[in-house]
Amino acid sequence: VTRHTTPPPAADWALFLDVDGTLLEFASVPEAVAPAPGLTALLGSLRERLGGALALVSGRPLETLDRLFAPLAPAAAGLHGLERRTAGGACTRVGLRVPAATRAELSAFVRRHPGLVLEDKAATLAVHYRAAPELGPVVDAAVGRAAESLGPAWHVLGGACVAELKPRAANKASAVEAFVREPPFAGRRPVYLGDDRTDLDGFAAAERLGGEAIAVGERVAARWRLADPPAVRAWLGEILLALGAPASGGATR
Ligand SMILES: [Mg+2]
C-alpha cells in the first residue's frame, strides 16, 4: 500500500503535470488512453485558480495532448520538451527528425517482434513493450544501437514499458526551466508530478527551483508520493477546494 504524502497546497504554486501514468491510466496501446470524466474541467479550474500557471509536460506530441484535453489547450511541453507552448500560446519546437534509415531499421525490428508497438513522433521514435514486457531488454538494446549509430546528439529515454530514441536537445527539466522564466509561471513555486524515469529531470528541476516533486506510483522516488492517477485526480480536486475561488480578477467562468 502506497502512503500518500503531499505538500500543503499554496496559491503561489505552478503545477507541472506529466500525462500518461500521472493524469491518465496506461492502456495496452498509447492511442487507447482517454481522460477520466471531469478531468479536463478540473484542470481548467485549477489553471484559473493558479493564475494560468499549469502546464502539461509529456512525451506525447502537443497535437495529441490537445486532442486528449480539448478544449483546454493549456501551456504544455510535448515530446519531452522538444515542443513547447507558452501560456500565451506561442509555440517553439526543436526541428530535428529521426533519419529515414533509422526509422526503417526500427520499424523492421518492431515487425519482427509481435507485441511491440512503434510510435512514430517524427522527432522521436518510441518502441512500446507493454504487451510483451519480456522483450524489454531486447528493445532497450535495439533502440540503444540506433542511438549510438546517430551519435552523441541522440540518446535513449527509458520510460514505463517504452524505450524512446530522442534528440538530447531538450528534456522535461529544460521545459520546466523555460516555463519558470515566463509569465504566469515566473515567481511561482514549481510543483512537478510524474510517474517514470523521464520525470526525474522534471523532479530535479522543480526542486532546484525551490519547488516540490511528487512521484506517482512506485516506479520512481521523490520527496512526496501519490499512489496512482485516480489518487492524483482526487488530490487535484482537493487542492482546488483548499485554494478556494480565485482571489482577484481575471477569472471569467
Ligand atoms: Mg508518465
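Predicted model, so just to flag it, every value in this text is computed and none were measured.

(A) Up close: the nonpolar core. In this structure, Leu15, Leu17, Leu23, Leu43, Phe69, Leu193 and Leu236 are the most contacted members of the largest nonpolar core, which totals 33 residues. Ranked by residues supplied to this core, first place goes to helix H7 (residues 229-243) with six residues. Beyond its immediate chain neighbours, meaning those up to four positions away, Leu193 contacts Leu15, Phe16, Leu17, Asp18, Thr22, Phe203, Ile214, Leu226, Val232 and Trp235. One finds Ala14, Ala75, Phe203 and Ala205 within the second-largest nonpolar core, a separate group that totals 20 residues.

(B) Layout of the confidence of the model for the protein. With 96% of its residues at a pLDDT of 70 or more, the protein has an overall mean of 93. The model gives residues 249-253 a pLDDT under 50, and that stretch makes five contacts with residues more than four places away or in other chains.

(C) Geometry of the environment of Gly210. Along the chain, Gly210 turns up in the loop between helix H6 (200-208) and strand S11 (212-216). Measuring from C-alpha to C-alpha, the distance between Gly210 and Arg188 comes to 9.3 Å, with 22 residues separating the pair along the chain.

(D) Local environment of the pattern of salt bridges. A complete count under the given rule lists 13 salt bridges for this structure. The residue Glu182 makes a salt bridge to Arg84 at a minimum N-O spacing of 2.6 Å. Pair noted here: Glu182 is in the loop between helix H5 (172-180) and strand S10 (189-194) and Arg84 is in strand S4 (residues 83-85), with a separation of 98 residues, a long-range link. By relative accessible area, which is 11% here, Arg84 ends up buried. Salt-bridge contacts for Glu164 lead to Lys121; the nearest nitrogen and oxygen are separated by 2.9 Å. Taken together, the residues span a long stretch of sequence, with Glu164 in strand S9 (residues 162-167) and Lys121 in the loop between strand S6 (117-120) and strand S7 (125-128) at a distance of 43 residues. Lys121 carries the same exposure label as Glu164, and that label is buried. Where salt bridges share partners, they join Asp18, Lys172 and Asp199 into one cluster.

(E) Representation of the environment of Arg168 within the structure. In this structure, Arg168 sits in the loop between S9 and H5. The spatial distance from the C-alpha of Arg168 to the C-alpha of Pro7 is 32 Å, given a sequence separation of 161 residues. Excluding residues within four positions of it along the chain, Arg168 makes contact with Pro152, Ala153, Trp154 and His155.

(F) Local environment of the packing of aromatic side chains. With the rule as written, the count across this model stands at five aromatic pairs. Between Phe16 and Phe179, the ring centres sit 5.9 Å apart and the planes meet at 40 degrees, which makes this aromatic pair tilted. One end of the pair, Phe16, is in strand S1 (residues 13-17); the other, Phe179, is in helix H5, with 163 residues separating them in the sequence. With a centroid separation of 5.4 Å and an interplanar angle of 25 degrees, the aromatic rings of Phe16 and Phe185 are classed as stacked. Taken as a pair, Phe16 in strand S1 and Phe185 in the loop between H5 and S10 lie far apart in primary sequence, 169 residues in all. No difference in accessibility class separates Phe16 from Phe185, as the two residues are buried. Site record: aromatic cluster; members linked through ring pairs are Phe16, Phe179 and Phe185. Positioned over the ring face of Phe179 is Arg84, at 4.6 Å from the centre of the ring. In this structure, Arg130 packs its charged tip against the face of Phe26, placed 4.1 Å from the ring centre.

Calculation notes
Residues numbered from 1 in each chain as written. Predicted model: local features only at pLDDT ≥ 70, side-chain atom pairs only at ≥ 80, totals over all residues. Heavy atoms only, no water. Core = buried A, V, L, I, M, F, W, Y, C linked by side-chain atoms within 4.5 Å. Buried < 20%, exposed > 50% of the residue type's maximum accessible area, 1.4 Å probe, protein only. Helix = DSSP H or I, 4+ residues; strand = E, 2+ residues; numbered from the N terminus. Contact = heavy atoms within 4.5 Å. pLDDT = per-residue confidence, 0-100. Salt bridge = Lys/Arg side-chain N within 4 Å of Asp/Glu carboxyl O. Phe/Tyr/Trp six-rings, centres within 6.5 Å; stacked < 30°, edge-to-face > 60°. Lys NZ or Arg CZ within 6 Å of the ring centre and 35° of its normal.

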